[in-house]
Amino acid sequence: MVNVIGVRFENAGKLYFFDPGEFWPTAGDYVVVETSRGVELGEVVLGVREVNDEALTEPLKKVVRIGTAEDIAHREENRRYEKEALDICQQKVAEHKLDMKLVRVEYTLDNSKLLFYFTANGRVDFRALVKDLAGVFHTRIELRQIGVRDEAKMLGGLGPCGRPICCGTFLGDFQPVSIKMAKDQNLSLNPTKISGVCGRLMCCLKYEEDTYEQIRKTMPRVGKEVMTPDGPGTVWDLNIVKETVRVRVQKGDTTELKDYPNGDVQRVDRQAPVRENRPEEPAPEENPAEQPEETVKPARRDRRRDDRNRAAGEKKQPEKQPEKETENQSGKQPEKEPEKKAEKPVNPWKQAVEAAMRAAQSGEAGE
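Novice: Would you mind showing me how to read the packing of aromatic side chains here?
Specialist: Aromatic ring pairs are defined here through the distance separating the ring centres and the angle between the ring planes. This model, assessed by the stated rule, comprises four aromatic pairs. Between the aromatic rings of Phe-9 and Phe-18, the centroid separation amounts to 6.3 Å while the plane-to-plane angle is 85°, which identifies the pairing as edge-to-face. Here Phe-9 and Phe-18 have matching classes, each one buried. On the basis of an interplanar angle of 75° and a centroid distance of 5.8 Å, the ring pair of Phe-118 and Phe-126 is categorised as edge-to-face. Taking relative accessible area as the criterion, Phe-118 reaches 1% and is therefore assigned buried. An aromatic cluster of at least three residues, connected via ring pairs, comprises Phe-9, Tyr-16 and Phe-18. Lying across the ring of Phe-174, Lys-153 places its NZ or CZ 5.8 Å from the centre. Here the basic side chain of Arg-248 rests over the ring of Trp-236, its NZ or CZ set 4.4 Å away from the ring centre.

Novice: Looking at this model, I keep getting lost on the pattern of salt bridges. Mind explaining?
Specialist: Two side chains with opposite charge may pair up if their charged atoms get near one another. Counted by the stated rule, this structure contains 13 salt bridges. With a closest N to O distance of 3.4 Å, Arg-79 and Glu-82 form a salt bridge. Of this pair, Arg-79 and Glu-82 both sit in helix α1 (residues 69-96), three residues apart, roughly one helical turn. Between Glu-106 and Arg-104 there is a salt bridge, with its nearest N and O atoms 3.6 Å apart. On the basis of relative accessible area, Arg-104 is assigned to the partly exposed category, the value being 24%. Each of the salt bridges in this network shares a partner with another, and the network as a whole consists of Glu-10, Arg-37, Glu-40, Arg-104 and Glu-106.

Novice: What should I look at first to understand the packing of α1 against helix α2 (residues 127-137) in this one?
Specialist: When two helices pack together, their arrangement is given by the angle between the helix axes and the distance between those axes. Contact pair α1 / α2: the axes reach a minimum separation of 10 Å and the direction vectors enclose 140°. The chirality of how α1 crosses α2 is right-handed. In contact with Ala-85, Ile-88, Cys-89, Lys-92, Val-93 and His-96 of α1, α2 contributes Ala-128, Leu-129, Asp-132, Leu-133, Val-136 and Phe-137. Looking at the contact of α1 with α2, its residues break down into nine nonpolar, one polar and two charged.

Novice: Can you walk me through the sheet that holds strand β1 (residues 2-8) in this structure?
Specialist: Remark on secondary structure: sheet strands pair via backbone hydrogen bonds, oriented parallel or antiparallel. Here we have five strands laid out as an open sheet, ordered β2-β1-β4-β3-β5, and antiparallel in their pairing. Each edge of the sheet is formed by a strand with only one pairing partner; in this case those strands are β2 (16-18) and β5 (63-66). Looking at each pair of strands side by side, their axes are set apart by 45° on average, direction ignored. Judged from the three bridges that link them, β1 and β2 form a sheet pairing that is antiparallel. Across the sheet, Gly-6 pairs through a bridge with Phe-17, a residue of β2.

About the criteria used
- Residues numbered from 1 in each chain as written.
- Predicted model: local features only at pLDDT ≥ 70, side-chain atom pairs only at ≥ 80, totals over all residues.
- Heavy atoms only, no water.
- Phe/Tyr/Trp six-rings, centres within 6.5 Å; stacked < 30°, edge-to-face > 60°.
- Buried < 20%, exposed > 50% of the residue type's maximum accessible area, 1.4 Å probe, protein only.
- Lys NZ or Arg CZ within 6 Å of the ring centre and 35° of its normal.
- Salt bridge = Lys/Arg side-chain N within 4 Å of Asp/Glu carboxyl O.
- Helix = DSSP H or I, 4+ residues; strand = E, 2+ residues; numbered from the N terminus.
- Axes fitted to C-alpha atoms, helices over the stretch in contact; angles between N-to-C directions.
- Left-handed = near helix turned anticlockwise from the far one by under 90°.
- Contact = heavy atoms within 4.5 Å.
- Nonpolar A, V, L, I, M, F, W, Y, C, P; charged D, E, K, R; others polar.
- Pairing = 2+ DSSP bridges.

So, in structure tokens, the structure goes:
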């Protein structure tokens, strides 16, 4: 745990933490601290308090001293010099013909550095400009390029609502804003209506986004079927601010749009019809003799093909070899056998079926 104080250097600037050291300033006091820009005078917003070491990302810098009335007067004097420096710098920018727009000039408390803030569409080579400004002011010159949001924050102005812009009055840091926030709030997506003076999306779109998300979770979606006091209907539109639902209800042959409070509308959950658990019928036993040829498995086909080939080989063997030998021994010439007619090709599938039928019949006879 370490002691820290919160210091702000502008009216709506970012809050920075410093180590009070031996000092004990309270909210509203001025302190002189050393920053990355140099020695500056800031106002204490948060008094001394303890913070975990893990919450601090960088080592804290200590407070130099408590601000005095002379420091405050010197800062006001620097404000007058800053206006003169801005006019001189604008003349130098025009002489060098640089495409840049000066926004603000700041002097450090000890006048050791002069900072110029500008905006530009791209990178700008201002090295020659820095040399001319250093010869005029005889101090260290630093130019920083900023974005359009920072420009609006420094210049201030009135927003589309007619009030001073938020970033120039109370916003300490910019929050990310997206077009989805405008869609969730049913706003017009016209860029001129949802953009601020900086040309970016208005920061106020972020203010109510969390509330819209929480309320939307409790309401049905557009297009869903719901049950209303007047019967079933379909969600047509949602009003997040009033927390009402516009439903298209069936009235005879026509339909009618009605607004209902969110609590009077109930969602209709459609459930899939439950199928009856019927007992599964046993699969019929397959008889290989009755099975069509196309359904015979390849393994069984190969086995039957081997049987057919073996049976065909046995049929081709001659049966009356001994008689022919006796005729040759007696000296008689063997009669010429009539030429056998070409046998018709045997269908192997037909033989397989016949063999299966014979096997089945022999099995029945054995029983």
